[in-house]
Amino acid sequence: MPKEKSDSMQGPFTKEQLDLLYGNAEDLVFFMRKLGKGYVYEYVNALCTSTFKQELAGRTVDDSMPASVAEEIKKQYMIAESMTGTYRYRDYNLFSKNNVANETEITTFMHEGELFLLAVSKNVSKQKTIEEDYLFYQSLVQNSVDPMIMISSDFMVIDMNPAYENIFTVIKQQWIGKSFMELPSNSEKFLDKVHSELGEEKFEKGSSSFITSAKMKDGPDGKFSVSFSPVKIGEDIRAYQIVYRELTDEVQLKEELKKTENILDSYKDALNYAAMVTIWEPSGMIIFANDNFEGTTGYEKEELLGMQIAAIGRAVIPDAFYDNIRDIIFKGDIWRGEMKSLKKNGDFFWVDTTVIPLKNETGKIYQVLAIMFDITDRKKLEEKLHFMAYHDSLTRLPNRRLMMEEFELLESDADQDDRLIALLYIDGDDFKSVNDNFGHNIGDEFIACFGQALTQSIRSGDMAARIGGDEFVIAAAGINSEKAGMQIKNLINRIHQKLAEGWDIDGHHFAPTASIGIAFYPKDADNFEDLVKMADSALYESKKSGRNQVRFYEKNSERTH
């Protein structure tokens, strides 16, 4: 049987429910109530309390934050109020002293006429650094006057910049996926040196450089200092970045090489931090996927490289997002969002995805980079919270809020098909005695079994909900006005039969009865709230007549008490 809330917080959730979901979360979690033009914290998790070093619950945003920060937070909350679904924004002010970037996702709820907001704020500093590192690196490479090329650990060409194409007279598209060893600019002596350098143990510790000659498009061979930097995933070298610098002033060259190596190390770190990384050509051909991408999606690297993103992309990137992403990135903009994706084995997983168009020195998009973070665990928590907000915790039936929302869809169908909706208001007869005689545990299970009996009595298109205590409603859709009496009679007979069969709990058999009041949409009322009142009025007449009775709403018999 229902019990009172064990805490004083307002809203559709108890403190215990939110603690169960978010008490040990690694993100900051705030649950707030709209109060006038401000917001009151109804609940915050343990991380919030330790982070802000104060008890926020019961206080307003204005009382808890510096004025400038509070105004920005309230502005974002007001934007969230005006939107459907979730709203996400990045905040660089709240923890600016610590050089931390946070991203907050806000979900709004209406409960008993009041607005509530759930805000989950996570630290995205690393993700922001990764995105900035990638964009900075790609800008550096594509605009550099120095030839640069990236090769895989097995010496296959992954990418090269325009300077490399121009100086060594090669066309990138003709060499992607082919052996670096076969490039016409590479002399035999140079290749021997490459094998020698890459085979030395010292190379595992960082970058390496040496001086060599290379064939240029005009005139004699040029003299270059060549630096190699490994790109690692974990402890394994997955690729090498090679930078050529034409030798003029050796002292200046060494200084410039050191700067380049530091930048390449930053790029390597970015790859290592990223949860999942993939790169594809504008044509859609995949040219890179890191081990995290392979491990999460279940696709082997050999399957991915050279494959069209459309062939796998519509699983990893669902149809609902794919075309929109392409439209945005091929305008030169970055796409960012969350997607429910599909692994190779058919399992679902959630990813927070950033898709970045990479441009050359002329502004043309030459590659597309996708960085994905697995957020499956967080989304599962959100789904649990959403279920709790729209379902009764004891019977797991829809609650009044969900019934109200779904009823709008039933109304639309009924209006279109010229049908009725019957609303049955059901009140259990003397359920209090179960609690009194057998205790709350059996009382709770009794209510759950009663709800299950109602669910088993209705048709697939109907909906049963618990709206409080021992009161339930059933919305029976698609009722033919000429056959309404027979259809409702059949439904009530199924309910009575299922209740008469009863159920056993801890050796006790229960076969309860229930009183029922019935009203019809749109005959008796043209909206959900009024229809509930009409059905409740009919229920009142039913209970006046004794137990296990059924009454239809009649305007002249509305309760006057």
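See the structure printed just above.
Residues numbered from 1 in each chain as written. Predicted model: local features only at pLDDT ≥ 70, side-chain atom pairs only at ≥ 80, totals over all residues. Heavy atoms only, no water.

Draft legend 1. Just the nonpolar core, in detail. Ranked by internal contacts, the top residues of the largest apolar core, which has 39 residues, are L18, Y22, F31, L118, F407 and L423. In terms of residue count, helix α19 (residues 528-544) provides more of this core than any other element does, seven residues in total. (Core = buried A, V, L, I, M, F, W, Y, C linked by side-chain atoms within 4.5 Å. Buried < 20%, exposed > 50% of the residue type's maximum accessible area, 1.4 Å probe, protein only. Helix = DSSP H or I, 4+ residues; strand = E, 2+ residues; numbered from the N terminus.)

Draft legend 2. Structural detail: the packing of helix α17 (residues 440-457) against helix α18 (residues 484-501). As a packed pair, α17 and α18 sit with axes 9 Å apart at the nearest point and diverge in direction by 140°. Taken together, α17 and α18 sit at an angle that is classed as oblique. Considering the relative orientation of α17 and α18, their crossing is right-handed. When α17 is examined against α18, the residues F450, A453, L454, Q456 and S457 are found in contact with a partner set consisting of L491, R494, I495, K498 and L499. The residue inventory of the contact of α17 with α18, partitioned by class, reads six nonpolar, two polar and two charged. (Axes fitted to C-alpha atoms, helices over the stretch in contact; angles between N-to-C directions. Parallel < 35°, antiparallel > 145°, perpendicular 65-115°, else oblique. Left-handed = near helix turned anticlockwise from the far one by under 90°. Contact = heavy atoms within 4.5 Å. Nonpolar A, V, L, I, M, F, W, Y, C, P; charged D, E, K, R; others polar.)

Draft legend 3. The arrangement of the packing of helix α1 (residues 15-22) against helix α14 (residues 376-390) in detail. Where α1 meets α14, the axes come as close as 10 Å, and the angle between the chain directions of the two elements is 165°. Judged on the interaxial angle alone, α14 and α1 are roughly antiparallel. The element α1 and its partner α14 pack so that their crossing is right-handed. In this structure, α1 contributes Q17, L18, L21 and Y22 to the contact, and α14 contributes L381, E382, K384, L385 and M388. A per-class count over the contact of α1 with α14 returns six nonpolar, one polar and two charged.

Draft legend 4. Geometry of the pairing of strand β14 (residues 348-359). The buried fraction of β14 is high, at ten of twelve residues. With eight bridges joining them, strand β13 (residues 335-342) and β14 adopt antiparallel strand pairing. Note on β14: the bridge partner recorded for L342 is F348. Here β13 hands over to β14 after five residues, with G346 in that stretch at a positive phi of 95°. Here nine bridges tie β14 to strand β15 (residues 365-374), and the two strands are oriented antiparallel to one another. For D352, the partnering residue across the bridge sits in β15 and is F373. (Pairing = 2+ DSSP bridges.)

Draft legend 5. Geometry of the side chain of K172. Checked against the element boundaries, K172 lands in helix α7 (residues 172-175). Classification of K172 by relative accessible area gives buried; the value is 7%. When sequence neighbours within four positions are dropped, the list of residues in contact with K172 reads D159, M160, E165 and Y366.

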